[in-house]
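Each chain, written out:
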Amino acid sequence: MAARRCLVDWLVTAAPSVPLRMKPRHFVAGDRRGIAISARNCAYSPVGTKSKPSSCAIRPQKQRRQFSAPTSPAQSSVPPFAFAFDIDGVLLHVSEPIPGAAAALRHLHRYNIPFILLTNGGGRYEADRVVDLQRRLGLDLKSSGHIISQHDLESEGSLPVLSTANFVQSHTPFQELLDDAAGLDAATAGGKEGSGGLRDETILVTGSDAARIRTIAEQYGFSSVITPADILAAYPAIYPFDPLLKSVYADTARPLPKPLLLEGGKLASQPSAKPFSPSDLDDSKYLRIAAAFVFNDPRDWALDIQILTDVLQARCGFLGTFDPASLSAEGLPKSEGGTRLFFSNSDLLWATTYHLPRFGQGAFAAAVAGVWSQLASTEQPPLLSPQSGRATLLGKPHAATYRFAERTLLRYRASLLEAHGSKASSATKEAPLQTVYMIGDNPESDIAGANQFSSAHGTDWCSVLVETGVYDPARDGSNPDYLRHRPRAIVGDVGAAVRWALQREGWPADF
Ligand code: G3P
Ligand code: MG
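Just so it is clear, the model here is predicted, and its values are computed rather than measured. (Residues numbered from 1 in each chain as written. Chains lettered and ligands numbered in written order. Predicted model: local features only at pLDDT ≥ 70, side-chain atom pairs only at ≥ 80, totals over all residues.)

1. Re the packing of helix α1 (residues 101-110) against helix α13 (residues 494-505)
Think of two packed helices as two axes; the pair is described by the angle between the axes and how far apart they sit. For the record, the criterion: Fitting a line to C-alpha atoms yields each axis, with helices limited to the stretch in contact; the angle taken between N-to-C directions then spans 0 to 180 degrees. Helix numbering and strand numbering both begin at the N terminus, where a helix is a DSSP run of H or I of at least 4 residues and a strand a DSSP run of E of at least 2. In these notes the angle categories are as follows: under 35 degrees is roughly parallel, over 145 is roughly antiparallel, 65 to 115 is roughly perpendicular, and the rest is oblique. This entry defines residue contacts through backbone-placed C-beta atoms, with two residues in contact when those atoms are within 7 Å. Throughout this entry, Asp, Glu, Lys and Arg are counted as charged residues, while Ala, Val, Leu, Ile, Met, Phe, Trp, Tyr, Cys and Pro are counted as nonpolar. The remaining residues, Gly among them, count as polar.
One can describe the packing of α1 onto α13 by two numbers: an axis separation of 8 Å at closest approach and a directional angle of 30°. The angle between α1 and α13 places the two elements in the roughly parallel class. Taken together, the residues of α13 that come into contact with α1 (itself represented by A101, A103, A104, H107 and L108) are V494, G495 and V498. A breakdown of the residues in the contact of α1 with α13 according to their chemical character gives 6 nonpolar, 2 polar and no charged.

Here is the structure:
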């Protein structure tokens, strides 16, 4: 049967604003008024964009007094708070652990305080990346020789310190699209029925190593995954520059599942094609790309930008065709099912071994959008704007990623409670998650995202900025406009961040 996909409804309905249901606060132990601020650079009231309730604000210096540790921190009780850690610039600097990171994570694990890692990085399968992180951070207590004490070994218990259950990287949320193509949209997030999934559709993927990205997508469950190499190998004329490029891609190219529908017959490979007819839009005969995914930072920007803009201009995702409406002021009607483009993060910069921050995937997204703006009507909304409806940005600071992260954290917290069920009373098991401390180094992603996120559960995402990554305290000191997104606290490193939060919550911070 000639399935016609042209009428697939990719309509993304605008998200109704979710009411913020603030739950009454009560604390397991300690008293906020008794918290001393061990953080550096903390003696200011938060200002700037979207300040959160003042309960998490840094106290002015004169209000500080010495913290007193609670006399009996109940290890078996359920903390009403949790943590989300950025990786690059917080736990690791490139591949090297940042001092104090592993000790902080172990300490939280020891006290059953839930945490997730929430990174804009990607490019490896989650399970592989977690094993790598365990090794780098020395968290694999049983096999790495990092056993510190019998207590550490016992506290590892049935749940390891780090596993895929408490790990979210930039492309992890793509899996939500397997069975619901609108699964990451605010209107459908959290279990409402969506619009059919992408599991059996053809998707295009790219990234730092597109062949490896393809494998990850297949491990996720996508059944028909193509890469730019496949397209270039089958249609070398699509990218009319250095033919050596073809040999670069030859090793990883696979045959395309279907041929391209070459509208117009102007290509040498199809000189006598008949004029295009709408009845040609038949995905049982021709390749239709339902969605294109940028998993992490592409290496060959030129080829990828060419192919991605080709895909965006195609009729209903049939690569090789050209729909003039795609470039018009209005763009493609949403009901026509043009290919949606997903970027897994929009970090313009990130911290590397170079002394200045380097371009991230956000720079690539900006390049795609810049080329698109030169092709499309000047009246058309920018490609990366929500009004465009063609591209979806994920990763921090975007709300879809924070929604996904919060769901992951709540699931993980529940499993932690389950694992320690015999110790926790039913009252504490039902304790709402009141605060998530987002520890990050990048004000534009980690901090902006936490400050702007409006939790459906009323959870307060409290942003804490560290000085071991992208953020530059010297520039912050000399330029009042440098920090566009003010964190609730600025501290030296991840250890200080965790101590600040624990002291604020009245929990032991002796690590
Ligand atoms: O965008 C680059 C990425 O590696 C940053 O990762 O952990 O700082 O979110 P992270
Ligand atoms: Mg970072």
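Past the structure itself, the notes keep going.
2. Side note on the sheet that holds strand β1 (residues 81-85)
To be explicit about the condition: Any two strands with at least two DSSP-identified bridges between them are counted as paired.
A sheet is described by the order of its strands in space; here 6 strands give the open sequence β5-β4-β1-β13-β14-β15, paired in parallel fashion. Each edge of the sheet is formed by a strand with only one pairing partner; in this case those strands are β5 (167-168) and β15 (489-491). Two elements, β1 and strand β13 (residues 435-440), share 5 bridges in a ladder whose sense is parallel. By the bridge assignment for β13, F81 is matched with T435. Where helix α11 (residues 443-452) meets the sheet, it contacts β13 and β14 (460-466), and its direction lies at approximately 155° from that of β14.

3. Re the packing of helix α7 (residues 301-313) against helix α8 (residues 361-375)
Worth spelling out the cut-off: The handedness criterion is simple: a crossing whose near helix is rotated anticlockwise from the far helix by less than a right angle is left-handed, and one whose near helix is rotated clockwise is right-handed.
Put simply, α7 and α8 touch, their axes get as near as 10 Å, and they point 50° apart. Taken together, the axis directions place α7 and α8 in an arrangement best described as oblique. Crossing angle aside, the handedness with which α7 passes α8 is right-handed. When α7 is examined against α8, the residues W301, I305, L308, T309 and L312 are found in contact with a partner set consisting of F364, A367, V368, V371, W372 and L375. Classifying every residue of the contact of α7 with α8 gives 10 nonpolar, 1 polar and no charged.

4. Side note on the pairing of strand β9 (residues 340-343)
The two faces of the sheet receive side chains in turn, since in a regular strand these alternate between them. Stated formally: Exposure criterion: with C-beta atoms placed from backbone coordinates, a residue whose C-beta has 20 or more other C-beta atoms within 10 Å is buried, one with 12 or fewer is exposed, and one in between is partly exposed. We call a crossover right-handed when, viewed with the strands running away from us, the connection from the first strand over the helix to the second turns clockwise.
Neither face of β9 is left uncovered, since the one carrying R340 and F342 and the one carrying L341 and F343 both have all their residues buried. Two strands pair when backbone bridges link them, and strand β8 (residues 291-294) and β9 are joined in this way by 4 bridges, in the parallel orientation. Within the sheet, the bridge partner assigned to V294 lies in β9 and is F343. Handedness of the β8-α7-β9 crossover: right-handed.

5. Quick look at the site of ligand 1
Definition in use: To decide whether a residue is near a molecule or strand, its C-beta atom is placed from the backbone and checked for lying within 6 Å of it. What counts as a domain boundary in this text is fixed by an automatic or database domain assignment.
Of all residues adjacent to ligand 1, which total 13 residues, the nearest are D88, T119, N120, G121 and D347. Across the shell around ligand 1, the residue classes tally to 2 nonpolar, 8 polar and 3 charged. Counting residues domain by domain, the shell around ligand 1 receives three or more from each of domain 1 (34-86 + 96-169 + 399-505) and domain 2 (172-393).

Distances and angles like these do not, on their own, reveal function.
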